[in-house]
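Survey of secondary and tertiary structure
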Amino acid sequence: MKQSFSKLFGLQDKNDQSTEERLLDGEEVVRQLNVADIVPNRFQPRTVFVDERIEELAQTIRTHGIIQPIVVREIDGKFEIIAGERRFRASQKIGMETIPAVIKDFDDKKTASVALIENLQREELTSIEEAVAYSKLLELHELTQESLAQRLGKGQSTVANKLRLLHLPAVVQDALLKREISERHARSLIPLKDATKQETVLHRIIKDDLNVKQTEEVVKSLLEDKPKKPKPVRKAVSRDTRLAMNTIRKSVDMVAQTGMSIDTDEEEHDDYYQFTIRIPKK
């Protein structure tokens, strides 16, 4: 799958081979670089690295060494990681002074694309990191959601649903990043539109450990809870006033019963009632 991704995004190396395949063929020059001279990828979509996973990888490297070199590019006197940041972090953890690496001559666009695609294939990103990766690929390659979905081998709705997460408030996105809520929890908040309501429901999800169905029910209740219109305040009317108003109405009705077309209008003001009666001359 990785090879097809690289080809679809215009990142395939010569002879249509992946970096790993060409390393095995001996076509890439592997150098030992000082760990101190290596810097993280500025385009890295992964913002959370789980310490336990890094520790596990570190122990594997301690026992078997680094089987697959990292890929870097030289920039500003340092070597920026293109692919292999977890291996780099694990090597740092066990105090390695050097690490095997392949140096590539990549520009920013290609570096960012490779980093994004490599992480997307590992399927370890949180849903919000994946959404950010999709957004960056759309921008880098000037793609539509449909064409991006085709290149990634995913449904357009999958890509669209991920991208909608980026419209949620920062606090909700952070909860996704920390895996405090699931992607389905987050998507159920989208219909609320209002950020304050979304954050309120988020806190309730975490506090009460709501499942997705319960969350959807809470959202539904908020959507149905429309503000009620205040009832009009009726002022007290004296008996004499009511008698006068009823007399006028009855008189108008009696004239109308004779067949004459009468136009009437009744208005209520703060201090008085106003009757307007229009009787045609002809």
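Residues numbered from 1 in each chain as written. Predicted model: local features only at pLDDT ≥ 70, side-chain atom pairs only at ≥ 80, totals over all residues. Heavy atoms only, no water.

**Some thoughts on the overall build of the protein chain**
Counting secondary structure elements, the protein chain contains 13 helices and seven strands. Per-residue burial over the protein chain gives 37% buried out of 282 residues. When the accessible area of the protein chain is evaluated, it comes to approximately 18,100 Å², of which 48% is carbon and sulfur surface. (Helix = DSSP H or I, 4+ residues; strand = E, 2+ residues; numbered from the N terminus. Buried < 20%, exposed > 50% of the residue type's maximum accessible area, 1.4 Å probe, protein only. Areas by Shrake-Rupley, 256 points an atom, 1.4 Å probe, with all protein chains shown as cover.)

**Notes on the confidence of the model for the protein chain**
Averaged over all residues, the pLDDT of the protein chain equals 80, while 81% of them reach at least 70. Every residue in residues 1–8 scores below 50 in pLDDT, and together they form 17 contacts with partners more than four places removed in sequence or on other chains. Segment residues 13–26 is flagged for pLDDT under 50; beyond a separation of four residues in sequence, or across chains, it makes 25 contacts in the model. (pLDDT = per-residue confidence, 0-100. Contact = heavy atoms within 4.5 Å.)

**A look at the pairing of strand 6 (residues 263–268)**
Pairing of strand 6 with strand 7 (residues 273–278), which is carried by six bridges, proceeds in the antiparallel orientation. Bridge pairing links Thr264 to Ile277 in strand 7. Between strand 6 and the antiparallel strand that follows it, strand 7, lie four residues. (Pairing = 2+ DSSP bridges.)

**Some remarks on the pattern of salt bridges**
Across all of its chains, the model carries ten salt bridges by this definition. For the salt bridge of Lys162 with Glu183, the shortest nitrogen-to-oxygen distance reads 3.2 Å. One end of the pair, Lys162, is in helix 8 (residues 156–164); the other, Glu183, is in helix 10 (residues 183–189), with 21 residues separating them in the sequence. Residues Lys162 and Glu183 agree in their burial class; the two are buried. In this structure, a network of salt bridges that share partners links the residues Arg73, Glu80 and Asp108. (Salt bridge = Lys/Arg side-chain N within 4 Å of Asp/Glu carboxyl O.)

**Quick notes on the packing of helix 6 (residues 127–141) against helix 8**
Viewed as axis vectors pointing N to C, helix 6 and helix 8 meet at an angle of 105°, and their least axial separation amounts to 8 Å. When the axis of helix 6 is compared with that of helix 8, the two are roughly perpendicular. On the side of helix 6, the interface is formed by Ser127, Glu130, Ala131, Tyr134, Ser135 and Leu138, while helix 8 contributes Val159, Lys162 and Leu163. Across the contact of helix 6 with helix 8, the residue classes break down as five nonpolar, two polar and two charged. (Axes fitted to C-alpha atoms, helices over the stretch in contact; angles between N-to-C directions. Parallel < 35°, antiparallel > 145°, perpendicular 65-115°, else oblique. Nonpolar A, V, L, I, M, F, W, Y, C, P; charged D, E, K, R; others polar.)

**Some thoughts on the pairing of strand 5 (residues 98–103)**
Pairing of strand 1 (residues 30–34) with strand 5 involves five bridges; the strand directions are antiparallel. For Gln32, the partnering residue across the bridge sits in strand 5 and is Pro100. Two strands pair when backbone bridges link them, and strand 3 (residues 70–75) and strand 5 are joined in this way by three bridges, in the parallel orientation. Each bridged residue has a counterpart across the sheet, and for Val72 the counterpart in strand 5 is Ile103.

**What about the sheet that holds strand 3?**
Taken in spatial order, the five strands line up as 1-5-3-4-2 in an open sheet, and their pairing is mixed. Every interior strand has two partners, whereas the edge strands, strand 1 and strand 2 (38–39), have only one. Across the sheet, helix 4 (residues 85–93) lies against strand 2, strand 3, strand 4 (78–83) and strand 5, angled at about 125° from strand 4, the strand it touches most.

**Description of unusual backbone geometry**
At Arg179, a residue that is not glycine, the phi angle is positive and equals roughly 60°. The topology assignment puts Arg179 in the loop between helix 9 (170–177) and helix 10. Residue Asp209 is not a glycine yet carries a positive backbone phi of 55°.

**Some details on a nonpolar patch on the surface**
A cluster of nonpolar side chains, namely Ile248, Val255, Met260, Ile277 and Ile279, defines an oily patch on the protein surface of about 390 Å² accessible area. Along the chain, Ile279 turns up in the segment after strand 7. (Patch = residues over 30% accessible without salt bridge, like charges linked within 9 Å, V, L, I, M, F, W, Y side chains within 5 Å.)

**Quick notes on helix 8**
By the burial criterion, the buried members of helix 8 are Val159, Ala160, Lys162 and Leu163. What you see down the axis of helix 8 is that its buried residues fit within an arc of 160°, all on one side. Of the surrounding elements, those touching the buried residues of helix 8 are helix 6, helix 7 (145–152) and helix 10. (Arc of directions from axis to C-beta.)

**A word on the side chain of Asn41**
Relative to the helices and strands, Asn41 resides in the loop between strand 2 and helix 3 (51–64). Only 3.1 Å separates the side chain of Asn41 from the backbone oxygen of Ile81, close enough to count as a polar contact. Leaving out residues up to four positions away in the same chain, Asn41 has contacts with Glu80, Ile81, Ile82, Glu85, Thr111 and Ala115. (Polar contact = N/O pair within 3.5 Å; in protein donor to acceptor, adjacent residues only side chain to side chain.)

**Quick look at the packing of helix 6 against helix 9**
The N-to-C vectors of helix 6 and helix 9 enclose an angle of 110°; their axes lie 7 Å apart at closest approach. Taken together, the axes of helix 6 and helix 9 are roughly perpendicular relative to one another. Contacts between helix 6 and helix 9 involve Ser127, Ile128 and Glu129 from the first element and Gln173, Leu176 and Leu177 from the second. Across the contact of helix 6 with helix 9, the residue classes break down as three nonpolar, two polar and one charged.

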